[in-house]
Each structure stands twice: as structure tokens, then as C-alpha cells.
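An overview of the molecular structure
These are the residues of each chain, in order.
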Amino acid sequence: MGSKTGQKTLGELAAQVGAELHGDPAITVRRLATLDQAGAGDLSFLYNRRYRKFLKVTAASAVILSPADAADCAVAALVMDNPYLGYARAANLLAAAPQPPAGVHATAAVHPEAHVDESACVGPHAVVEAGAEVGEHVLLEAGSVVQRGCRIGGYTRIEANAVLGPGVTVGRRCIIHAGAVIGADGFGFARDGHRWVKIPQMGGVHIGDDVEIGSNTTIDRGALKDTCIEDGVKIDNLVQIGHNCRIGAHTAIAGCVGIAGSVTIGRRCLIGGAVGIAGHLEIADDVTVTAMSGVHKSILKPGVYSSGWPVQDNRTWHRYLAQINRLARSPRQSDRSDDE
Amino acid sequence: MGSKTGQKTLGELAAQVGAELHGDPAITVRRLATLDQAGAGDLSFLYNRRYRKFLKVTAASAVILSPADAADCAVAALVMDNPYLGYARAANLLAAAPQPPAGVHATAAVHPEAHVDESACVGPHAVVEAGAEVGEHVLLEAGSVVQRGCRIGGYTRIEANAVLGPGVTVGRRCIIHAGAVIGADGFGFARDGHRWVKIPQMGGVHIGDDVEIGSNTTIDRGALKDTCIEDGVKIDNLVQIGHNCRIGAHTAIAGCVGIAGSVTIGRRCLIGGAVGIAGHLEIADDVTVTAMSGVHKSILKPGVYSSGWPVQDNRTWHRYLAQINRLARSPRQSDRSDDE
Amino acid sequence: MGSKTGQKTLGELAAQVGAELHGDPAITVRRLATLDQAGAGDLSFLYNRRYRKFLKVTAASAVILSPADAADCAVAALVMDNPYLGYARAANLLAAAPQPPAGVHATAAVHPEAHVDESACVGPHAVVEAGAEVGEHVLLEAGSVVQRGCRIGGYTRIEANAVLGPGVTVGRRCIIHAGAVIGADGFGFARDGHRWVKIPQMGGVHIGDDVEIGSNTTIDRGALKDTCIEDGVKIDNLVQIGHNCRIGAHTAIAGCVGIAGSVTIGRRCLIGGAVGIAGHLEIADDVTVTAMSGVHKSILKPGVYSSGWPVQDNRTWHRYLAQINRLARSPRQSDRSDDE
């Protein structure tokens, strides 16, 4: 019953989420809500200190929180060390994921030499070209394009108007969001005098299992080898990944990041928003690069790296610019400080 | 008559634009043109000093300009304090906006459970899914996708291949440019050891009236609440707006801006090109952030804020880098300057 | 024969690529491969020092390389000053470019008042609106949209789901990659109190011959004149080019660059990744701007320009921030250093 409506008892949830229950296990909740907006029947959560002030006044039926906050919770509590993970797990348990109906829409264009599993759902105006293989329970939303020779693993969703170029392979349980373009030509040209000669981009793109790729993100095909996105990688919107890159498993890349060609990024990295990474670099496992930083050299040790300048009021900022300008133009002063 | 061909007399224009006419009210103009390119029958304008040199030599029939420039104008003039606004108003009066014909193209895929007003225009290969409501005089261009349960207010245009995800609401007189994706999942994951657990994105996106959203811009649906874009907001191309954001009325956001999740931006703000704004911040009303700045903390007072570094010739720039590097590595020197 | 299968003798290649052959001219190669992955029948290349270590151990049948590296090559060699250009030329000779079959797919929507050359290939769900002219051997991929009055020159490819807005002209032998949007409205608004008045965008976009435009890149139509992309320009993915810009011939623009409105860029420039360029500026011929730099003033001399900060470990970076903060807030100290 619970699985259909998304309703669960706190007893069920505590067990499934991995939390310690403080309160009545028979209480039922139906949906997640923020502390300030939750009402009766809602499950809420607290992981960000900013919202702690709402804990005492929340009308939620129960709250997922950390041991440190449990004492201040006036309602039932699901207590665990990582309440954000608890929120994620509970939301998945309560969310009734819509199951798209199997079948090919009358307006879809599926090439006779493509193979689409009979459990897959192909939406209006979706296109599947010759030689493509679409696995079980795959969802191809409206207007998505799967070009010749692509292979898509089971339970993957290709959302509206996304494009998979020729020969792209996508693993199982992936989500490719609307408008993403996977497998366009990499940006490769050689100079011939003033003109550019295009270098044919003959590699492909290989995407592992459980990968999520944001809307309007672009991932280019390799020049000779495949561009590879390993299992469990999560990529936000409007990210550019150049040809021949390899992104290690479980790395997360925030929005507006640009990664030039032939970059290798390790496993479990966190790349902050709008970071830029120059071509042919290597980044080790477990590296964090904070937002708006520029990576111009390889990073061979785990750790946190930065080069983003925080905004100042405009007058202060102009003083910064003037000071460094002055420094750069007064070599003697700076030489002296070096000598001391 | 004038309204059909876009032809107007200067007398009509002066009254409708709110300018003082210097010259013959019976002169007619047909179209706008820049000072250097205008000829007989053209209306020109001057608001940018850079182009003042063309005023004396222009062949335009009339020029919209400020009182300060009126004396130097050899042809008829429409004089007002804000000639840029005058240009905008005159261009709207002279432009014959093409009215798309009502009706659903034979190749469009409109679900039987969707409601499309009979005055709306649905282009080739456009998709309207179940439960969607499309208002009067709406234009859905070729290949646009309106997913289940969306609501679109009157006179709004959804341009080619743009996507509205499930349940998105768009107000009246909006323009969503080609390739924009409104309502894809927000980027929300919780760590479970090395793996990521997806947080279901159950909120929507609510867009007010008179909003314009640029091509290939992405606006994510909320995790629990709606992402909100208030009335009159103007957003340029390739902008990313994360889940749960609220953008206040009449704020303008230039191209390539990235705004992380749960950011609240006030009314009448100006966000310059390629600015980045970190998650969970608050920005007051009437804040300007100049191009390429990074906002890492909330901004609670109106004003102008910056952190963009202006380009230098490469040698000077390397001197900047060397100087600050030296400073950061000579703590005694810097301590001393602090003591003084 | 060779042209069909892509197989060539080294003798043929040396002549066609413009290299000096060291080795047996009768040796045949079929495809390009990197030094470490090449096997018998493969042609490899060396232009990046990083990969020099693989030269002695490669199993390639032949290698394209510079005179300086020729002595260390154990297999046949095609020796030339610019081996990267040699690689590009050889790859084009060996790659069997797929020739799309002429004809209009049954699901394409071609307006009766459009003209499509009979040698063109129009893919599934592609749209060609009234008044458009599509030249010989043009390829319109699945879901691409060519709006009213566009003109597309011979041998140009418009890839999946790309959009050409009304009246856009594209030259010969161009490639517009998937999801690109050419000819959406520029971002032009005048303030009227707190509200914005849209400025009609009545210019077009003109794209020369041999231009390549990356996936999900956006190029806006002009306000009054055309936005112009001259012959041979190469633009990477997710680039924004504002209205009224002119990009000079043979300039290359890397990914994630944002160019505001009315910017003129000269010929043969190199604009690095994620560079931002403010509105109304002029950039001379032969200017290089390195990655992540911000251009706030016109650049009138050829040369290399920068303002990108290279990433540091987070502690060092915080020391940078502290030092410049200290400097900016201690005016006496900085004044004094100036006096010395």
C-alpha cells in the first residue's frame, strides 16, 4: 500500500533509511517538506544550520536530523549522523516515481534497423537511427535523438530534445537531461597558414552506469579514442567536456564548468561551479576545486584548490586593482621584501 | 495605415514616445537605423557617446536624442531625457510584429488530454503532453516541447526546440527562446560513502508575466518548493539557475551567469555577464554585480559589487601573479606592514 | 581503391600531406591511432612532448613527426615541420566521410514555399519553413529547424536539433553542431522606471563559408544590422555571442566564452576557454586572450593578454586573499611603497 501512495510509517522509514527513531513508530507520513512549510503528515529534515531556527516551530509530523539537534526537536525524530542522506533516502521511498508506459509513440521515427526493447517508452517525435540499440525500460522523451549505432542500457532516461551522436554508448540507470548533446565533434583544428584544417573526430563517447548529465551540457566525442564518463558521475547543467577526457567514477561537476580536451579527472572529485580546466591536465582522485577557479596545471595530490575572488563592494575592489597594479609596477619595493 | 506598414509621422511618434519634436511633424519615417547607416525615411537615435561623431553627417530623416545633443542635430529631432527608451518605444511602434496564424500544424503532437486555446499557434513537430494548458494567442514554435501539466499564459512565445518540463507554469507575454530548458531536475545528491544518492526533485518552476528567457538557458525545478522567476525578469542566453532560486521582479541577468541552488535575488538587480553566485545566498534589491564577479557571501545592501580582473598584456599579468605570490610567501613582511 | 577504404601507401600520403618520407613508400596504413595504442597498419603522430616517451615503443607502421624527433623513430616516418597539420591532413585522407543520401525523410516538415536542393538530405523531423533555401548536398539532421527565409550554402551540415532563426544565412561547407541556436533575439531592453521595454531585434545573422559552430552555442541576431561571423571562424561549444558582433575571419573561440553585444573581433584571433568580453569593445587582428580572462577595454595591438588566476591549494589561496585585502585596507603603507 505504502509503495503506491508514497505513504510510510516512521517505523518503516527508520528501518529503511537507517535512522534511530525517537517517537511513535505508527505515525504515518506522505511527503517531504521543508521545516517552515511542513504540516501534519509531512516529514521534514535538518542538515543546514541556516534553517535550525525553524526546528522549534515546525508543524511537521517528524524530522530527520543529527544527534546534536535531536534534543531540540519537539516532534518525532529520525536521528542519524548524515541527515542529508536520510532525506535523500526517505524522498526516494516516498516519491512515487512515474513509470512511463511501454511502447513507441505514433509520431516517433524508429529506423527499421534499430532495436528498441519492447519495454522501452519512445515519446512523440523521438528519433532512433539505424543500428541503435535501446535497452529495457529505457525512456526516450519527446524530440530526443539517438543517432546511428548508439547503445543505451536498461532503465536509462533520455529527456526531451537531448541528442546522442553516432555510436555513443550510455550505461544503465542514467539520466541525460533535456537538451544535452553527447557526442558532437571535438574542437580539433590544425593551422595551415591562416586557415584551419579540421581534424576528423573519429572516437566516441562512453558513459558508464548511474551517470546523470544536466540539461544543455555538452560532451564531445574523442578524436581517436573515446571520451569516457565513468560510473556514478554526476554532471550539472551547461557543462562543457572536451574530447578525449576521462572523468573518474563518482566525481561530481557543478554547473557552467568548462573542461578542455584530453583532461583526466580522478575518482570522487568535486568540481565547483564555473571552474575552468585547461587541456591535457591530470587531476588526482579526491580533489576538490572550489567555484570559479582556473586549473592551469595538473593537480597530483588530493586536497582543496581555489583561485576564485570573492566579490567586494566596487570601491574596495578598485582599491585591490590599484594596489596590485602599483606593486607590479614597483619592482624595487617587491625585490626588497624578498630579501628580508 | 501606419500600423500596418510601420510608417509613422514624427508628430505621431513624438506623442507616443513621449519626446519633444524639433522639426516638421508631417515628416514620415518607416524604420530604425543607426546614425551611420540611416538614409531618407529612417529614424535614428543617439545614446552612446561613442557614436556622437556620426550625428553631424547622418542622412536620417530624424534622430531621437537627449537635450544635450539637440543643438548639434542638423535634421529633425525627437528630444527626451532617455533617448534609449525612446529608441525602444519607437522601434516597437514601427516594427510590424508578425502575428502567427492560429491553428495546430499537421505534424504537431497534441495529447487529447491537453487544452490548447483555439487562437494559439502550434508549429511543426511541437509536442503538448497530457494535462497541459496553452492560453490564447500563445505561439509554440517548431520542435518545442510542453510536458505534462504545464500551464502557459496568453501571448507567450515558446521558441523552437525549447522544453518546458512537467508542471512548469509560465505567465503572460513571456518569451522563452530557442533551446531553453525550464524545469529539468535540480542538481541534488547526498553522499552515501563514495556513491551519490539522487534527491527526487519534486518542486516545479513558476515564471511570472513579461519574462524573457534566453536561448539554451536552463532553469531547474525545485527540490520541494518551486523555483520562481518573478514578473518582468529578463534573462540572457546560456544562464544556469539552480533549484529553489527566487529571482525578484524586473531583475536582469546577462549571458553565461551561473546561479547555484536556493539563491534569492531581489528586485531590480543587474547581474553582469558570466557572474557566479554560490548556493543558499541572499542578494538584496537594487544590487548590481559587475561582469565575471564571484559572489560567495550574501549581499544585504544595494550597491555595485565586483571581483572581475581586467585583462593585461601577458607580461604585466605574470608580474601581477609573481608579486602576489611573493607577498603570500613572505609572512614577516606582511605582518610588519600590518603592525605599522 | 584507397579512397574507398581509407587505405593509403606511405608514398601517396607523403606527397599529399607534404612530408618527407623516411622508409618504404609501399607500406600501407588504414587509420590514425595514438602512439601508445597504434598497431600494425596504423599511422601515428607526435607533436606534443608529453607523448614523446611512446615513440620508441610504438607498434605503429609509421609516424608523422618533426625533423627533431626523426632520429628517434624506429619505424617509417613522415617528417615535416608541422606534424599536427600532417596529422590533420592524413586523418582527412584516411577518414571515409559518410555521404548522407539525398532526399527528404518522410517525417520532415518542409514548407511548400521553401526550396530544398534535390541533392540535400533532410532528416527525420527536421523542419524547413517558408522561404528558406537549402543548397546542394546540405545535410539537415534529425530535429533541426530552419526558420523562414534562411539561406544555407552548399555542403553545409546542420546537426540534430540545431535551430536557425528567421532570415539567418549560412555559407558553404559550414558545420552547425547539435543544439546550437543561431539567430535568437539579442538581449536588448531599455529601462522605463523599474520596468524593461524590449527593443525589437530586427537584424539577422550572417555566417560565412567554412565556419564551424559548436553544440549548444548561441549567436544572437542583430538589433538593426546583422551579427557577422566571417569565413573560416571556428567556435567551440557553449559559447555566447551577443547581437551586432562581428568575428573576423579565421578566428578561433574556445568553449564557454561569453561575448557581449556589439563587439568587433579581428582576424586570426585566439580566444581561450571561458573568456568574457564586455560590450561595444574592439579587438585587433592577431590577438590571443588566454583562458578565463576578462576583457573590459578594447585591445588595439596584436599580442597575448591574460587575467586568469591559476588555482592554488586552498591555504595558499586564502593567504593571497588576506594579503591583498590587507594592502587595500592600509593606504599609508601602500602610499609609502610608491614613494620609495
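Residues numbered from 1 in each chain as written. Chains lettered and ligands numbered in written order. Predicted model: local features only at pLDDT ≥ 70, side-chain atom pairs only at ≥ 80, totals over all residues. Heavy atoms only, no water.

Turning our eyes to something else, we now look at the overall build of chain A. Assigned secondary structure in chain A consists of six helices and 40 strands. Taking contacts inside chain A between residues at least 6 apart in sequence as the whole, the part at least 24 apart equals 17%. Within the structure as shown, chain A displays about 13000 Å² of accessible surface, and the carbon and sulfur contribution to it stands at 50%. Positive and negative side-chain charges in chain A, numbering 32 and 34 respectively, have mean positions lying 7 Å apart. (Helix = DSSP H or I, 4+ residues; strand = E, 2+ residues; numbered from the N terminus. Contact = heavy atoms within 4.5 Å. Areas by Shrake-Rupley, 256 points an atom, 1.4 Å probe, with all protein chains shown as cover. Lys, Arg positive; Asp, Glu negative; His and termini not counted. Charge placed at Lys NZ, Arg CZ, Asp CG, Glu CD.)

Glancing now at the interface of chain A and chain B. If you look at the interface, chain A gives 70 residues, while chain B gives 73 residues. Summed over both partners, the interface of chain A with chain B buries about 5700 Å², with 62% contributed by carbon and sulfur atoms. The interface formed by chain A and chain B includes three salt bridges. With its nearest N and O atoms 4.0 Å apart, the salt bridge here joins Asp36(A) to Lys225(B). Scanning the region where chain A abuts chain B turns up 25 residue pairs in polar contact (both at pLDDT 80 or more). Listing elements by their share of the side of chain A that touches chain B, those giving two or more residues are α4 (83-94), β28 (234-235), β31 (252-253), β40 (312-313), α5 (314-329) and α6 (331-339) of chain A. For the side of chain A that touches chain B, the class distribution of residues is 33 nonpolar, 23 polar and 14 charged. Sheet topology places β40(A) next to strand β39 (residues 303-306) of chain B; two bridges connect them, and they run antiparallel. Across the sheet, residue Gln312(A) finds its bridge partner in β39(B), namely Ser306(B). (Buried area = accessible area lost by both parts, 1.4 Å probe. Salt bridge = Lys/Arg side-chain N within 4 Å of Asp/Glu carboxyl O. Polar contact = N/O pair within 3.5 Å; in protein donor to acceptor, adjacent residues only side chain to side chain. Nonpolar A, V, L, I, M, F, W, Y, C, P; charged D, E, K, R; others polar. Pairing = 2+ DSSP bridges.)

Attention shifts here to the side chain of Thr218(A). Among the structural elements, Thr218(A) can be located in strand β26 (residues 218-220). For Thr218(A), a relative accessible area of 0% translates into the label buried. Within the structure, Thr218(A) has its side chain in polar contact with the side chain of Gln240(A) (distance 2.6 Å). Aside from chain neighbours lying at most four places away, what touches Thr218(A) is Val181(A), Val239(A), Gln240(A), Ile241(A), Ser215(C), Asn216(C), Asn237(C) and Leu238(C). (Buried < 20%, exposed > 50% of the residue type's maximum accessible area, 1.4 Å probe, protein only.)

Turning next to the sheet that holds strand β31 (residues 252-253) of chain C. Taken together, twelve strands build an open sheet; the order of strands is β40(B)-β39(C)-β37(C)-β34(C)-β31(C)-β28(C)-β25(C)-β20(C)-β17(C)-β14(C)-β11(C)-β8(C) and the sheet is mixed. In the strand order of this sheet, the two ends are held by β40 (312-313) of chain B together with β8 (103-104) of chain C, each with one partner. With two bridges connecting them, β31(C) and strand β34 (residues 270-271) of chain C associate as parallel partners. Note that in β34(C) the partner of Ala252(C) across the bridge is Leu270(C).

Glancing now at empty space enclosed by the protein. Gaps between atoms show up when a probe of the same size as a water molecule is rolled over them. Within this structure, the stated rule accounts for five cavities of 30 Å³ or more. Estimated volume of the second largest cavity: approximately 110 Å³. Together, 16 residues line the second largest cavity, and Gly143(A), Gly143(B), His125(C), Gly143(C) and Asn161(C) are the ones closest to its centre. For the lining of the second largest cavity, the residue count by class is seven nonpolar, nine polar and no charged. (1 Å grid on protein atoms, 1.4 Å probe; cavity = no way out; pocket = protein on both sides within 12 Å on 5 of 7 lines; lining within 4 Å. Points joined across faces, edges and corners; volume = space filled by probe spheres on them.)

Turning our attention to the packing of helix α5 (residues 314-329) of chain B against helix α5 (residues 314-329) of chain C. As a packed pair, α5(B) and α5(C) sit with axes 9 Å apart at the nearest point and diverge in direction by 100°. Classified by the angle their axes make, α5(B) and α5(C) are roughly perpendicular. Each of Ile324(B), Asn325(B), Leu327(B), Ala328(B) and Arg329(B) in α5(B) lies in contact with α5(C), whose residues at this interface are Thr316(C), Arg319(C), Tyr320(C), Gln323(C), Ile324(C) and Leu327(C). Of the residues contributing to the contact of α5(B) with α5(C), the split by class is six nonpolar, three polar and two charged. (Axes fitted to C-alpha atoms, helices over the stretch in contact; angles between N-to-C directions. Parallel < 35°, antiparallel > 145°, perpendicular 65-115°, else oblique.)

Bringing the domain arrangement of chain A into the picture now. Assigned domains within chain A: domain 1 (2-94) and domain 2 (103-305). Domain 1 of chain A and domain 2 of chain A are separated by 36 Å when their C-alpha centres are compared. (Domains from an automatic or database assignment.)

By a simple turn and slide, chain A fits onto chain B: the slide is 0.0 Å along the axis, the RMSD is 0.1 Å, and the turn is 120°. The two molecules are tied by a three-fold rotation axis, judged by turn and shift. A low fraction, 20%, of the interface residues of chain A reappear at the interface in chain B, so the copies pair through non-equivalent surfaces. (Least-squares fit on C-alpha atoms with pLDDT ≥ 70 in both.)

Let us now look at the pattern of salt bridges. Summed over all chains, the structure comprises 44 salt bridges over all chains. When the shortest N-O distance is used, the salt bridge between Arg267(A) and Glu230(A) registers 3.9 Å. Highlighted residues: Arg267(A) in the loop between β33 (264-265) and β34 (270-271) and Glu230(A) in the loop between β27 (227-229) and β28, separated in sequence by 37 residues. The salt bridge partner of Glu212(B) is Lys198(C), with a shortest N-O separation of 2.8 Å. On the criterion of chain membership, the pair formed by Glu212(B) in strand β25 (residues 212-213) and Lys198(C) in strand β23 (residues 195-198) is interchain, its members lying in two chains. Side by side, Glu212(B) and Lys198(C) carry an identical accessibility label, which is buried. In this structure, a network of salt bridges that share partners links the residues Arg52(A), Asp69(A) and Asp72(A).

Another aspect to go through is the relation of the copies chain C and chain B. Take chain C, turn it by 120°, move it 0.0 Å along the axis, and it overlays chain B with an RMSD of 0.0 Å. Little of the interface of chain C is mirrored in chain B, where only 19% of its interface residues again form contacts.

Below, the discussion takes up the interface of chain C and chain B. Where interface size is quoted, it is often the accessible area lost as the parts come together. Each side of the interface is counted separately: chain C has 73 residues, and chain B has 70 residues. Carbon and sulfur atoms supply 62% of the area buried between chain C and chain B, which totals about 5700 Å² over both sides. On the chain C side of the contact with chain B, Phe187(C), Trp196(C) and Trp309(C) bury the most area, a combined 12% of that side's loss. At the boundary of chain C and chain B, one finds three salt bridges. Linking chain C with chain B are 25 residue pairs in polar contact (both at pLDDT 80 or more), by the criterion used here.

Across its twelve residues, α4(A) extends 16 Å between first and last C-alpha, which sits within 8% of the 16 Å expected from 1.5 Å per residue. All of the buried residues in α4(A) are Pro83(A), Leu85(A), Gly86(A), Tyr87(A), Ala88(A), Ala90(A), Ala91(A) and Leu94(A). (Expected span 1.5 Å × (residues − 1).)

The next thing to look at is the sheet that holds strand β6 (residues 62-65) of chain A. Strand pairing in a sheet is mediated by backbone hydrogen bonds. Such pairs are either parallel or antiparallel. Residues and elements named next belong to chain A. Strand order in the open sheet made by the five strands is β2-β7-β6-β5-β4, with mixed pairing throughout. Here the strands that pair on one side only, and so sit at the sheet edges, are β2 (20-22) and β4 (31-32). Across two bridges, the pairing between β4 and strand β5 (residues 42-45) is parallel. Paired with Leu32 across the strands is Leu43, a residue of β5. Across the face of the sheet, helix α2 (residues 10-17) comes into contact with β2, β5, β6 and β7 (76-79) while running at roughly 15° to β7.

Before going further, it helps to spend a moment on the pairing of strand β39 (residues 303-306) of chain C. Bridging between strand β37 (residues 287-289) of chain C and β39(C) involves three bridges; their strand directions are parallel. Among the inter-strand pairings, Val287(C) is bridged to a residue of β39(C), identified as Gly303(C).

Take helix α2 (residues 10-17) of chain C next. Residue and element names in this part refer to chain C. Three or more residues of α2 are buried, namely Leu10, Leu13, Ala14 and Val17. Projected onto a plane normal to the axis of α2, the buried residues spread over an arc of 100° and lie on a single side. One or two positions beyond α2, positive phi appears at Gly18, with a value near 85°. (Arc of directions from axis to C-beta.)

All names here are of chain A. Taken N-terminus to C-terminus, the directions of α2 and α4 make an angle of 125°; their axes are 10 Å apart at the nearest point. Between α2 and α4, the interaxial angle falls into the category oblique. Crossing angle aside, the handedness with which α2 passes α4 is right-handed. Touching Leu13, Gln16 and Val17 of α2 are Gly86, Arg89, Ala90 and Leu93, all from α4. Here the contact of α2 with α4 is composed, by residue class, of four nonpolar, two polar and one charged. (Left-handed = near helix turned anticlockwise from the far one by under 90°.)

With that settled, the discussion passes to the packing of aromatic side chains. Applying the stated criterion to the full structure yields 27 aromatic pairs over all chains. Ring centres of Trp309(A) and Trp317(A) lie 6.0 Å apart, and the angle between their planes is 70°; on these two criteria the pair is classed as edge-to-face. Neither Trp309(A) nor Trp317(A) differs from the other in exposure class; each is buried. One aromatic cluster is present, formed by Trp309(A), Trp317(A), Tyr320(A), Trp309(B), Trp317(B), Tyr320(B), Trp309(C), Trp317(C) and Tyr320(C) through successive ring pairs. (Phe/Tyr/Trp six-rings, centres within 6.5 Å; stacked < 30°, edge-to-face > 60°.)

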